Amino acid sequence: MTGKEFERRVRSLGRHKNVPVRFEPHGKGSHGRLYYGDRFTTLKDRKKEIGVGLLKAMCSQLKIDPREL
């Protein structure tokens, strides 16, 4: 899954669960923070693949189950 696809799936989950989701550019290049309610995670290059370990860590930071995506 790419960073853009992860963002799209988190936004969809947020709409389904009525949780606000937003992306704010932060740092260099295409890095930014993806907010899910009051929690956030850092999204690296949104065009590149996200590894399994990083995906689990990002979901953990947002307190969502990776299987929901």
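(A) Focus on the environment of Leu69. Mapping Leu69 onto the fold places it in the segment after α2 (52-62). With 63 residues separating them in the primary sequence, Leu69 and Phe6 have C-alpha atoms 7.9 Å apart. Beyond its immediate chain neighbours, meaning those up to four positions away, Leu69 contacts Phe6, Arg9, Val10, Leu13, Cys59 and Ile64.

(B) Just unusual backbone geometry, in detail. Phi is positive for Asn18, which is not a glycine, with a value near 60 degrees. Its place among the elements puts Asn18 in the loop between α1 (3-17) and β1 (21-25). Judged by its relative accessible area of 71%, Asn18 falls in the exposed class. Positive phi outside glycine occurs at Lys63, with the angle close to 60 degrees. Relative to the helices and strands, Lys63 is located in the segment after α2. Exposure remark for Lys63: the relative accessible area of 60% places this residue in the exposed category.

(C) Representation of α1 within the structure. Compared with an ideal rise of 1.5 Å per residue, which puts 15 residues at 21 Å, α1 spans 21 Å between its outermost C-alpha atoms and is within 8% of the ideal. Those residues of α1 that sit buried are Gly3, Phe6, Glu7, Val10, Leu13 and Gly14. Buried residues of α1, seen end-on, are gathered within an arc of 125 degrees and therefore sit on one face of the element. Turned more than 90 degrees away from the buried face of α1, the exposed residues are Arg8, Arg15 and His16. Immediately downstream of α1, the backbone of Asn18 shows phi near 60 degrees, a positive value.

Cut-off values and rules
Residues numbered from 1 in each chain as written. Predicted model: local features only at pLDDT ≥ 70, side-chain atom pairs only at ≥ 80, totals over all residues. Heavy atoms only, no water. Helix = DSSP H or I, 4+ residues; strand = E, 2+ residues; numbered from the N terminus. Contact = heavy atoms within 4.5 Å. Buried < 20%, exposed > 50% of the residue type's maximum accessible area, 1.4 Å probe, protein only. Expected span 1.5 Å × (residues − 1). Arc of directions from axis to C-beta.

All we've got here are geometric facts, nothing functional implied.
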